[in-house]
2 protein chains.
Amino acid sequence: MNQVFNELDLAALLSLSFSTLINELHDRLSKLGYGDIKPAHGFMFKRIIPNGATGMELAEHLGITKQAVSKMVDYLEKSGYVIRQTHPTDKRGKIIVLTEQGWLVVKAKEEILTEIEQRWIEIIGAERMQMLKEVLTKLVYVANEGTLSSRLRPVW
Amino acid sequence: MNQVFNELDLAALLSLSFSTLINELHDRLSKLGYGDIKPAHGFMFKRIIPNGATGMELAEHLGITKQAVSKMVDYLEKSGYVIRQTHPTDKRGKIIVLTEQGWLVVKAKEEILTEIEQRWIEIIGAERMQMLKEVLTKLVYVANEGTLSSRLRPVW
DNA sequence: TTTTGTAGTCAATCAAGTTGACTATATTGC
DNA sequence: GCAATATAGTCAACTTGATTGACTACAAAA
């Protein structure tokens, strides 16, 4: 533990552990040829799975405007990861769904995250990893009670 | 634990716990009249303390370019939180130091973070908080061995 | 069936970063 | 000791990912 790390407070620890994880994830996605997938897209994919989602749903999920979502979808559609389908019952709306290529990215992402988590387990032990997740889940849950979804935007 | 939270993976947990912390911090700083302090500034202040820092040092610490640092310093200097002083030995350089008002923000920030951490301790217990910090410190340390400072940019 | 609300897009703007070019000063090498 | 090279900081132009505002097409409520 050198000097840089001794004075890290809780905010810095959470931020740095998150960046560490997400940097490795996207370095490795890049090497697999998914360099056009940016950190911001991961959480969007999660909401699209498994049955698609409307732009408004994605906007709420991500905590950004529908216009910003529309631009992200433009980008991902152009790159071939998602497509806009006409909404079955609402002619105003569209549903954004994953293409086959989109599913490949999601699968690659899951595998890499599992691998990183496995490596982290070797560092701290399985029980501590289990506890880490439980503790963070509880904190996120309790600390946001009442203020849900609007403030809960994962920025990465 | 409602449905939103059941499927959060490690990346989401780290991201959301960090956002939760940082959102409350800046909401409260805002209410104290420090609405012009943005999340990005916190980590910069930490490097300026206690004896000031040059632009290059801040750039390396934050993982952004010196030009970006220069702009941030413009902003913070205009708002009265820091000043540029001539460097004692290098006439090319300047040292950025906190003003009295800058110290007030730092103090307020520390107090609020301590309070939030205290509240979190009431939720999960002191031992678990202790362990949370130990585990995250170890992960950040081990997972970044060799790749230091360049990749370690806390984005908030 | 008229009025009001909602989903999505287009356009202009903003904020925070980038790259490139420049000035002034330091450092190095012959 | 001086010429060549490197470094700290700033200015300007551009990029990216968001925002707000205006609009169209359709849906839901009065």
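Nothing here was measured: the structure is a model prediction, and the numbers come from that model.

**Q** Which residues make up the protein's contact with DNA strand D, and what are the values?
**A** Inspection of the region around DNA strand D gives 21 residues, with Thr65(A), Gln67(A), Lys71(A), Ser70(B) and Arg92(B) positioned closest. Sugar plus phosphate, as a fraction of atoms of DNA strand D within 4 Å of the protein: 54%. Taking Gln67(A), its side chain carries an N or O atom lying 2.7 Å from a base oxygen of DNA strand D. Contact distances for DNA strand D include 2.8 Å between a base nitrogen and a side-chain N or O atom of Lys66(B). Listed by contribution, the elements that provide at least two residues to the surface near DNA strand D are helix H5 (66-78) of chain A together with helix H4 (55-62) and helix H5 (66-78) of chain B. Residue composition of the surface near DNA strand D, grouped by class: four nonpolar, eight polar and nine charged.

**Q** Describe the relation of the copies chain B and chain A, listing the residues and the values that go with them.
**A** At an RMSD of 0.1 Å, chain B and chain A line up after a rotation of 180 degrees and a shift of 0.0 Å along the axis. Here the two chains are linked by the operation of a two-fold rotation axis. Of all interface residues in chain B, 100% are interface residues in chain A too; the two copies therefore contact each other through one and the same surface.

**Q** Would you mind going over the interface of chain B and chain A in detail, with residue names and values included?
**A** Contacts between the two partners involve 50 residues from chain B, matched on the other side by 50 residues from chain A. Across the chain B to chain A interface the summed buried area is about 5300 Å²; carbon plus sulfur atoms make up 76%. Here chain B and chain A share two salt bridges between them. Inspection of the chain B/chain A interface yields two residue pairs in polar contact (both at pLDDT 80 or more). Of all elements in the fold, only helix H2 (10-31), helix H3 (39-48), helix H6 (100-124) and helix H7 (126-143) of chain B reach the threshold of two or more residues within the side of chain B that touches chain A. When its residues are assigned to classes, the side of chain B that touches chain A shows 31 nonpolar, eight polar and 11 charged.

**Q** Can you lay out the nonpolar core for me, pointing to particular residues and giving the numbers?
**A** Formed by 90 residues in total, the largest nonpolar core has its most connected members in Phe45(A) and Phe45(B). The contact partners of Phe45(B), leaving out residues within four places of it in the chain, are Ile37(B), Leu76(B), Tyr81(B), Val82(B), Leu98(B), Val105(B) and Val106(B).

**Q** Describe the protein's contact with DNA strand C, with residues and values.
**A** Lining the immediate surroundings of DNA strand C are 19 residues, of which Lys66(A), Ser70(A), Arg92(A), Thr65(B) and Lys71(B) lie closest. By atom count, sugar and phosphate contribute 54% of the portion of DNA strand C lying within 4 Å of the protein. Gly55(A) places a polar main-chain atom, nitrogen or oxygen, 3.2 Å from a phosphate oxygen of DNA strand C. The set of elements that each furnish at least two residues to the surface near DNA strand C consists of helix H4 (55-62) and H5 of chain A together with H5 of chain B. The element best represented in the surface near DNA strand C is H5(A), accounting for four residues. Class assignment for the residues of the surface near DNA strand C results in three nonpolar, seven polar and nine charged.

**Q** Account for the pattern of salt bridges, with residues named and values stated.
**A** Residues and elements named next belong to chain A. Under the counting rule described, the total for this entry stands at 16 salt bridges over all chains. The residue Glu 77 makes a salt bridge to Arg 84 at a minimum N-O spacing of 2.7 Å. Given the relative accessible area of 28%, Glu 77 is considered partly exposed. The structure contains a network of salt bridges with shared partners spanning Glu 24, Arg 28, Glu 115 and Arg 119.

**Q** Give a description of the packing of aromatic side chains that names residues and reports values.
**A** Residue and element names in this part refer to chain A. If you walk through the whole model with that rule in mind, you get two aromatic pairs over all chains. With 6.4 Å between their ring centres and 65 degrees between their planes, Tyr 34 and Tyr 81 make a pair best called edge-to-face. One end of the pair, Tyr 34, is in the loop between helix H2 (10-31) and helix H3 (39-48); the other, Tyr 81, is in the loop between H5 and strand E1 (82-86), and 47 residues separate them in sequence. For Tyr 81, a relative accessible area of 1% puts it in the buried group.

**Q** Describe the confidence of the model for chain A, with residues and values.
**A** Scored by pLDDT, chain A has a mean of 89; 89% of the residues are at 70 or more. Contacts from residues 1-5 of chain A, a stretch scored under 50 in pLDDT, to residues over four places away or in other chains number 10 contacts.

**Q** Mind laying out the side chain of Thr137(A), listing which residues take part and the relevant values?
**A** Along the chain, Thr137(A) falls in helix H7 (residues 126-143). At 2.7 Å, the side chain of Thr137(A) and the backbone oxygen of Lys133(A) are in polar contact.

**Q** An account of the packing of H4(B) against H5(B) is needed here, citing residue identities and associated values.
**A** Residues and elements named next belong to chain B. H5 packs onto H4 with a crossing angle of 110 degrees between their chain directions and a minimal axis gap of 9 Å. If you check the angle between H4 and H5, you find them roughly perpendicular. Note on element contacts: H5 touches H4 through Lys 66, Val 69 and Met 72, opposite Gly 55, Met 56, Leu 58, Ala 59 and Leu 62. Taken together, the residues of the contact of H4 with H5 sort by class into six nonpolar, one polar and one charged.

Procedures and definitions
- Residues numbered from 1 in each chain as written.
- Chains lettered and ligands numbered in written order.
- Predicted model: local features only at pLDDT ≥ 70, side-chain atom pairs only at ≥ 80, totals over all residues.
- Heavy atoms only, no water.
- Near = heavy atom within 4 Å.
- Polar contact = N/O pair within 3.5 Å; in protein donor to acceptor, adjacent residues only side chain to side chain.
- Helix = DSSP H or I, 4+ residues; strand = E, 2+ residues; numbered from the N terminus.
- Nonpolar A, V, L, I, M, F, W, Y, C, P; charged D, E, K, R; others polar.
- Least-squares fit on C-alpha atoms with pLDDT ≥ 70 in both.
- Contact = heavy atoms within 4.5 Å.
- Buried area = accessible area lost by both parts, 1.4 Å probe.
- Salt bridge = Lys/Arg side-chain N within 4 Å of Asp/Glu carboxyl O.
- Core = buried A, V, L, I, M, F, W, Y, C linked by side-chain atoms within 4.5 Å.
- Buried < 20%, exposed > 50% of the residue type's maximum accessible area, 1.4 Å probe, protein only.
- Phe/Tyr/Trp six-rings, centres within 6.5 Å; stacked < 30°, edge-to-face > 60°.
- pLDDT = per-residue confidence, 0-100.
- Axes fitted to C-alpha atoms, helices over the stretch in contact; angles between N-to-C directions.
- Parallel < 35°, antiparallel > 145°, perpendicular 65-115°, else oblique.

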